[in-house]
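# Observations on the three-dimensional arrangement
Chain residues, written in single-letter form:
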Amino acid sequence: MSRSATGMTLAGLGLAAVLLISINALSGKLFGGDRFDLTDQHLYTLSDGTKAVLSKIDEPITLKLFYSKELGDQVPSFGVYAQRVRELLQEYAADAHGKINLELLDPQPYSEVEDQATAAGLQGVPLDDGGEQVYFGLAGSNSTDDKQTIAFFQPDRERFIEYDLTKLVQQLAFPKKKVVGLVSSLALDGDPMARMQGQPTQSQVVLDQLRQTFDVRDIGAGFDKVPDDVDLLMIVQPQKLPAKTEYAIDQFVMKGGHALVFVDPNAEFAQAHPSMFNPQGGPSAANFDRLLKAWGVELVPGKVVGDRVAARRVNAGSGTHVQAAEYLAWLNLKGDSINHDDPVTGQLGQLNFATAGDLQPIKDAKTKFEWLVRSSPQSELIDTAKVQGLPDVLGLLSSFKATGERYTLAARITGPADTAFPDGKPVEEKPDDAKKDPAKPNDAKPDAAKSDAPKFTADPTQVKVAKEPIDIIVVADADMLDDRFWVQVQDFFGQRAATPLANNGDLVQNAVDSLAGTGDLIGLRSRGSAVRPFTVVDQLQRQAEDSYRAKEKQLQDKLRETQSKLAELRTNKGADGKEEPLTAEQQQSINDLSATIIQTRSQLRQVQLALRQDIDRLKGLLVGLDVALVPLALAVLALVVGLVRAQRRKRRAQQA
């Protein structure tokens, strides 16, 4: 490089640095302390849900923010995060009009403030081997001495900070929780047998999150009456429920109770988390047809939804051979697959479902069927047998044929409804006394009239027509509750740190909030997700892969045919079954076929490489635009404002 070129380069860098400093100085002077929230979900603006919670506070609340300044000195990113938390809490205090007393504390080592932090249950984190700990947490209390804490503000949850703070304030403002009655055949709360034996068990994150705002009680699956203090039923993958329990659920709904129901035609959860109530190899399909029919909806039996657009990428290879492919039955749903007109799903960005079923309204039903989550038009129904065990991912993809129909994966059912038990209350079956009577032969044939047909009796307290329009939410997937499909869980100094990859947990909490009548948190719960998908890239990638699959299939067919011919030639046997020496023509054919195989494999690699390069190039371009566009726009805006002001000052000076 010549001296002149080097000089030009240095001068250019110098001018760029001067321009950057000037823009920062100008922006600071023009905009002062003003802030502009340009994030897609307005993450830096106090939401309406937060304002609604703050406006309802009756009794004073004290919030103590414990933040060790040393943490920010050692790790500057924590200093920036702490500043945001502090400013957000100050906005809370301002909007609460005196109902929130905010204290900012720096817990120095071995100080009384550190003792307060420890007593409040905050998480101390060592910075070095010296043993001194730093703190970054929040302790809240109300006038009745209820306490809530955020043990440590983890950077992974920065996008959810407003939700976490508002939830804490709401818990202090309204300490009495609504009661959710849990009826589940799946081990959402860990295997009870393992717990009885003192073995460690782990509940699913969705249940942990629900317990933060609701009193979730497992009421089993054999009750004959829903407890009076239950506000809402959450029914997960019901299987072989006794008739008395179905009757109790029916009457709960007929009397105005609400229910959130998960019914799955193929629950993978049971295989991944077997328990004493649902061991491996047991039934995988839900059985809740009687009540669903009474509510005007049915789960299409034996079928799961396959969606070409929403299919998630998985490893379809075997052993050390990794081959990425889209699995039609594991879905990442977003965009117009989520109903943005319903408060439960209105703010959700994306949902991950697995081997989900299709919900259909019953013909001539009196209830109203409204979809909440549905597939794309590029969908079909797949037999459940094809997705059980180890599914043939590539086979499903090659045989895919879109029906053009959008299948409903979750729906809200509202309106008038009749009981599922028009003949009265089912009679509880008693043990067969005949088998216990030694005077009677054990091989006595059962009376045909006393077969499996259920019996009913009149119940004077039965409600046969719903007292008020029912409000039920049905989700045709139970696997979406499984951590592995939507959230990353890490251990943070002995505490579970959950980072959502999709809004599955938000869907459940929003549904419970909506059905239980506590919906202030709905609007801000789903404001953050760790995953920001490149929708355009995904679409282009899908189109490219469609083309790639056709070419790949053509080459693989050619490869298999060539290998088959080669195998035949190499096993050249005579009429007596013994191998015979190859002729010169046969040897030449083998050489030609071997060359063809090498050439075909090379073409396959080139196709895969070309696809990867196109996708990487496009992603790089979009990432660059995504990172640089906003700073450039702000710089241009600041320059324009500065020039306009300079022109005005110049005109005023000339006029003077």
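Predicted model, so just to flag it, every value in this text is computed and none were measured.

### As for the packing of helix α2 (residues 48–55) against helix α6 (residues 161–173)
One way to put it is that α2 packs onto α6 with a least axis distance of 10 Å and a crossing angle of 20°. Regarding the angle of α2 to α6, the classification is roughly parallel. As for the relative orientation of α2 and α6, their crossing is left-handed in sense. Residues Thr50, Val53 and Leu54 of α2 form the contact with α6, whose participating residues are Glu162, Thr166, Val169 and Gln170.

### With respect to the sheet that holds strand β15 (residues 350–354)
Neighbouring strands of a sheet are bound in pairs by backbone hydrogen bonds; such pairs are parallel or else antiparallel. What the three strands build is an open sheet, ordered β13-β14-β15; its pairing is antiparallel. Among the strands making up the open sheet, the edge pair consists of β13 (311–315) and β15. Shown here is a sheet whose adjacent strand axes are inclined to one another by a mean of 45°, direction ignored. Looking at chain direction, β13 and strand β14 (residues 324–334) are connected through five bridges and run antiparallel. In the sheet register, Val314 faces β14, and the bridge partner there is Ala325.

### A look at the pattern of salt bridges
Side-chain pairing between opposite charges can occur once the charged atoms of the two side chains come close. Inspection of every chain in the model, using the stated rule, returns 15 salt bridges. Residues Arg211 and Asp189 are paired through a salt bridge, measuring 2.8 Å at the closest nitrogen-oxygen approach. Taken as a pair, Arg211 in helix α8 (residues 205–213) and Asp189 in the loop between β7 (178–184) and α7 (192–196) lie far apart in primary sequence, 22 residues in all. The exposure class assigned to Arg211 is partly exposed, which follows from its relative accessible area of 28%. A salt bridge links Arg217 to Asp229; the nearest nitrogen and oxygen atoms lie 2.4 Å apart. Here Arg217 is found in strand β8 (residues 214–218), whereas its partner Asp229 is found in the loop between β8 and β9 (232–236), with twelve residues between them in sequence. Exposure remark for Arg217: the relative accessible area of 32% places this residue in the partly exposed category. With a relative accessible area of 38%, Asp229 lands in the partly exposed category.

### Brief notes about empty space enclosed by the protein
Using the criterion set out here, one finds two cavities of 30 Å³ or more in the structure. As a volume, the largest cavity reaches approximately 80 Å³. Classifying every residue of the lining of the largest cavity by side-chain character gives five nonpolar, two polar and three charged.

### Remarks on the nonpolar core
One recurring pattern in soluble globular proteins is that nonpolar side chains are buried together. The biggest cluster of nonpolar side chains holds 47 residues, and the ones touching the most others in it are Met234, Val236, Leu260, Phe262, Phe353 and Val508. Looking at this core element by element, the count peaks at six residues for helix α14 (residues 504–516). Each residue touching Leu260, except ones within four places of it in the same chain, is listed here: Leu232, Leu233, Met234, Ile235, Ile473, Val475, Val508, Ala511, Val512 and Leu515. Judged by nonpolar contacts, the second largest core, of 37 residues, contains Leu241, Tyr247, Leu299 and Val463.

### Notes on the side chain of Thr355
Relative to the helices and strands, Thr355 resides in the loop between β15 and β16 (359–361). You can call Thr355 buried: its relative accessible area is 0%. At 3.0 Å, the side chain of Thr355 and the backbone oxygen of Asn266 are in polar contact. Reaching out from Thr355, the side chain makes a polar contact with the side chain of Asp479 at a distance of 3.3 Å. In contact with Thr355, other than residues within four places in its own chain, are Asp264, Pro265, Asn266, Glu268, Val304, Tyr327, Ala329, Trp330, Val387, Asp477 and Asp479.

Conventions adopted
Position numbers for residues start from 1 in each chain and track the written sequence from start to end. In view of the model being predicted, local features appear only for residues whose pLDDT reaches at least 70, and side-chain atom pairs are presented and counted only at 80 or more, with totals across whole chains, interfaces and linings using the full set of residues. Computation of side-chain values covers all heavy atoms of the structure but excludes hydrogens and water. Lines are fitted to the C-alpha atoms to define the axes, a helix being fitted only along its stretch in contact, and any angle between axes, read from their N-to-C directions, falls within 0 to 180 degrees. Helix and strand assignments follow DSSP, with helices taken as H or I runs no shorter than four residues and strands as E runs no shorter than two, numbered in order from the N terminus. Should an angle fall under 35 degrees it is called roughly parallel, over 145 degrees roughly antiparallel, and 65 to 115 degrees roughly perpendicular, with every other angle called oblique. Handedness of a helix crossing follows the sense of rotation of the near helix relative to the far helix, less than a right angle counterclockwise being left-handed and clockwise being right-handed. The contact criterion used throughout is that any non-hydrogen atoms of two residues lie within 4.5 Å. The criterion for strand pairing is that DSSP finds at least two bridges linking the strands in question. Criterion for a salt bridge: a side-chain nitrogen of Lys or Arg within 4 Å of a carboxyl oxygen of Asp or Glu. The cut-offs for exposure are 20% and 50% of the maximum accessible area for each residue type, with area from a 1.4 Å probe on protein chains only; residues under the lower value are buried, those over the upper are exposed, and the others partly exposed. Only protein atoms enter the 1 Å grid used here. Points where a 1.4 Å probe fits but cannot escape make up a cavity, open sets with protein on both sides within 12 Å along at least five of seven lines make up a pocket, and a residue lines them when an atom lies within 4 Å of a point. Grid points are joined across faces, edges and corners, and a volume is the space filled by probe spheres set on the points. Ten residue types, Ala, Val, Leu, Ile, Met, Phe, Trp, Tyr, Cys and Pro, are classed as nonpolar, four, Asp, Glu, Lys and Arg, as charged, and the remainder, Gly among them, as polar. To form a nonpolar core, buried Ala, Val, Leu, Ile, Met, Phe, Trp, Tyr and Cys residues must be joined to one another through side-chain atoms within 4.5 Å. As used in this structure description, the phrase polar contact means that two N or O atoms lie within 3.5 Å; if the pair is within protein, one of them must be able to donate a hydrogen and the other to accept it, and residues adjacent in sequence are counted only when both atoms belong to side chains.

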